[in-house]
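Architecture and fold: a report
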Amino acid sequence: CFLPLIMLGIFVPLVIILVLVTALVLSLPLMILLLLYNVFANCNNVIDKTMVDNDEFIDRDIEDLPPEIDSIENLIFSCDPSLTLRKVQADLSATETLNLSSKPDMSTEELENIAVLLLSLNPRRYRMRVLNLDDSRLTDEKLKTLAPLIVRFHTVSIGGKQDFGEEGLEQLRLFMEHVYGSQPVAMDDEIVPLVKCEKILLRRLEIKQSKAKKGVTDLTWVNEEVKGFEHEDEKTLMVNELANMIPYLTSLILDGFLREIRKNKENQLWQLWEKLNFVDHLEILSLRDCDITDRIIQKCLIGLSNVRNIDLSGNPDISYIGWKGLAETFEIRRGNCRIVQLAYQNSKHTIDENSGEQFAKMFCKLQKLDLRGSQISDEAVEKFLEAFGHKEGNNVSILEKLDLSGCNVSQA
């Protein structure tokens, strides 16, 4: 009586096994076809580095900003409801600029939040080029908080009304040294090289300070005197701390920033003048309205000759003695001299024959001389014409542009 059950227990599993084996055998061709399809399809999707844009290839492993962040009008600063996350992103995407100027009520916590937020953005979609922090009343603590964000911008402006001092600038420099991994050094009498680091993009630093006054040129940033910068000794320490950042910069704009240092400026700021003499990578140096004198010029003749574009406008105490020192340095260092453009606009005193002669001697080195808005004597003009007439020797003029717009020159 158990025989039927035994037979059933044997045949039923056997039938199931046969069905599964048959299904497996029949599916093998389909599996092979799917395998071949996937192999050839993936080959067509492989990224060819030679056929796509390099930035796109680099971006292949970078996740874009989550879409939910784009859709939220988040308030960033309580002092400015109009500045939302959407606007910040739009400005960075369109103009590569973040404008936080004239916002003195920004708190340290708010600045820390925006720093963390912006550093998390896709750097290929949101490029950071210009950061404007003028008139923002930055303290040492706020400057330290912003340091990770500041070094990611190419150009940073921290002029106007500020409350930071030497400590804040020192913290910024120390952060850059920490990111770089070591302090840039050079042996005695050796040129200090430009620091190159993928995580430090800062190349242009602007700290402009000037009074609103008649005759201020259109290139000078105008604001009232800065309360936080009135202490002369602290100002001196700040300038010498800025000198330590020069190895990281290609452009340094200090318009009006040195003016409040009145005592023995050529010695008080020795660190700045010395550092200039040991770098040859600066593209732009602007010392407009800084009360630069002949003695200061003599302190950094080599440094000034190594900067491609120099602006010394608004410094009436530079006489023909200072210009003579520069002209002679250009001649002596003809092969190593990097300067190609010099600006000395709106001269307070007439450019006389002596000064004109020194400017004329620079024609064999400069490509552009900007004397806009100056009073120029007839004797100085004659020296310019003589310099243009030199056709042989080392004094042949290579000057491409002599800008005398707005200059008072006699009809003769």
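Residues numbered from 1 in each chain as written. Predicted model: local features only at pLDDT ≥ 70, side-chain atom pairs only at ≥ 80, totals over all residues. Heavy atoms only, no water.

Leu258, Trp273 and Phe359 are the most contacted members of the largest nonpolar core, which has 92 residues in total. By residue number, the principal contributor to this core is helix H6 (residues 140–150), which donates five residues. Once residues within four sequence positions are removed from consideration, Phe359 is found in contact with Trp323, Leu342, Tyr344, Ile351, Leu369, Leu371 and Phe384. (Core = buried A, V, L, I, M, F, W, Y, C linked by side-chain atoms within 4.5 Å. Buried < 20%, exposed > 50% of the residue type's maximum accessible area, 1.4 Å probe, protein only. Helix = DSSP H or I, 4+ residues; strand = E, 2+ residues; numbered from the N terminus. Contact = heavy atoms within 4.5 Å.)

On to the packing of helix H13 (residues 320–332) against helix H14 (residues 353–361). One can describe the packing of H13 onto H14 by two numbers: an axis separation of 9 Å at closest approach and a directional angle of 15°. By the angle class used here, H13 and H14 are roughly parallel. Crossing geometry of H13 relative to H14 is assigned as left-handed. Mapping the contact onto sequence places Tyr320, Trp323, Lys324 and Ala327 in H13 and Asn354, Ser355, Gln358, Phe359 and Lys361 in H14. (Axes fitted to C-alpha atoms, helices over the stretch in contact; angles between N-to-C directions. Parallel < 35°, antiparallel > 145°, perpendicular 65-115°, else oblique. Left-handed = near helix turned anticlockwise from the far one by under 90°.)

Our focus in this paragraph is the sheet that holds strand E4 (residues 130–132). Taken in spatial order, the ten strands line up as E3-E4-E5-E6-E7-E8-E9-E10-E11-E12 in an open sheet, and their pairing is parallel. The open sheet is flanked by strand E3 (97–99) and strand E12 (401–403), the only strands paired with a single partner. Across the sheet, the axes of successive neighbouring strands diverge by a mean angle of 5°, strand direction being ignored. Relative to strand E6 (residues 204–206), strand E5 (residues 155–157) runs parallel, the two being bridged by three bridges. (Pairing = 2+ DSSP bridges.)

The periodicity of an α-helix, 3.6 residues per turn, causes residues three or four positions apart to be oriented the same way. Here helix H4 (residues 85–95) has its buried residues at Leu85, Val88, Gln89 and Leu92. Projected down its long axis, H4 carries its buried residues within an arc of 95°, all on one side. Where H4 ends, the next residue or the one after it, Glu96, has phi of about 60°, a positive value. (Arc of directions from axis to C-beta.)

This part is about helix H8 (residues 232–243). Between its first and last C-alpha, H8 extends 17 Å over twelve residues, near the 16 Å set by a 1.5 Å rise per residue. Within H8, nine of the twelve residues are buried, which leaves it mostly tucked inside the rest of the structure. By the burial criterion, the buried members of H8 are Glu232, Lys235, Thr236, Met238, Val239, Asn240, Glu241, Leu242 and Ala243. Buried residues in H8 make contact with helix H7 (166–180), E6, helix H9 (265–268) and helix H10 (270–276). (Expected span 1.5 Å × (residues − 1).)

On inspection of all chains with the given rule, the structure shows five aromatic pairs. With 4.8 Å between their ring centres and 70° between their planes, Trp323 and Tyr344 make a pair best called edge-to-face. Taken together, the residues span a long stretch of sequence, with Trp323 in helix H13 and Tyr344 in the loop between strand E10 (341–343) and H14 at a distance of 21 residues. Each member of the pair, Trp323 together with Tyr344, is buried. Relative to Phe384, the ring of Phe363 has its centre 5.6 Å away and its plane inclined at 40°; by these criteria the two rings are tilted. With Phe363 in the loop between H14 and strand E11 (368–370) and Phe384 in helix H15 (residues 378–389), this pair connects stretches of sequence that are 21 residues apart. A relative accessible area of 1% means that Phe363 is categorised as buried. Using a relative accessible area of 2% as the deciding quantity, one classes Phe384 as buried. (Phe/Tyr/Trp six-rings, centres within 6.5 Å; stacked < 30°, edge-to-face > 60°.)

Attention now goes to the pattern of salt bridges. Overall, the coordinates contain 17 salt bridges when judged by the stated rule. Asp311 serves as the salt-bridge partner of Arg288, at 2.6 Å between the closest nitrogen and oxygen. Of this pair, Arg288 sits in the loop between strand E8 (284–286) and helix H11 (294–299) while Asp311 sits in strand E9 (residues 309–311), and the two are 23 residues apart along the sequence. Across this residue pair, the class does not change: Arg288 and Asp311 are buried. One network of salt bridges, with partners in common, ties together Arg173, Glu177 and Glu241. (Salt bridge = Lys/Arg side-chain N within 4 Å of Asp/Glu carboxyl O.)

In the predicted model, the chain carries a mean pLDDT of 84, and the fraction of residues at 70 or more is 83%. This model gives residues 45–71 a pLDDT under 50, and the stretch forms 26 contacts once residues within four places in sequence are excluded. Considering only residues more than four positions removed or in separate chains, one finds that residues 212–229, a stretch of pLDDT under 50, has 48 contacts. (pLDDT = per-residue confidence, 0-100.)

Before going further, it helps to spend a moment on the packing of H6 against H7. Closest axis-to-axis distance for the H6/H7 pair is 8 Å, and the angle between their directions is 25°. Relative to H7, the element H6 lies roughly parallel. In terms of crossing hand, the pair formed by H6 and H7 is right-handed. Across the interface between the two elements, Asp140, Leu143, Lys144, Ala147, Pro148 and Ile150 of H6 pack against Glu167, Gly168, Leu169, Gln171, Leu172 and Phe175 of H7. Considering only residue class, the contact of H6 with H7 consists of seven nonpolar, two polar and three charged. (Nonpolar A, V, L, I, M, F, W, Y, C, P; charged D, E, K, R; others polar.)

Turning our attention to a negative patch on the surface. A surface patch of negative charge is lined by Asp352, Asp378, Glu379, Glu382 and Glu386. Along the polypeptide, Glu386 turns up in helix H15. With relative accessibility at 46%, the residue Glu386 sits in the partly exposed group. (Patch = residues over 30% accessible without salt bridge, like charges linked within 9 Å, V, L, I, M, F, W, Y side chains within 5 Å. Areas by Shrake-Rupley, 256 points an atom, 1.4 Å probe, with all protein chains shown as cover. Lys, Arg positive; Asp, Glu negative; His and termini not counted. Charge placed at Lys NZ, Arg CZ, Asp CG, Glu CD.)

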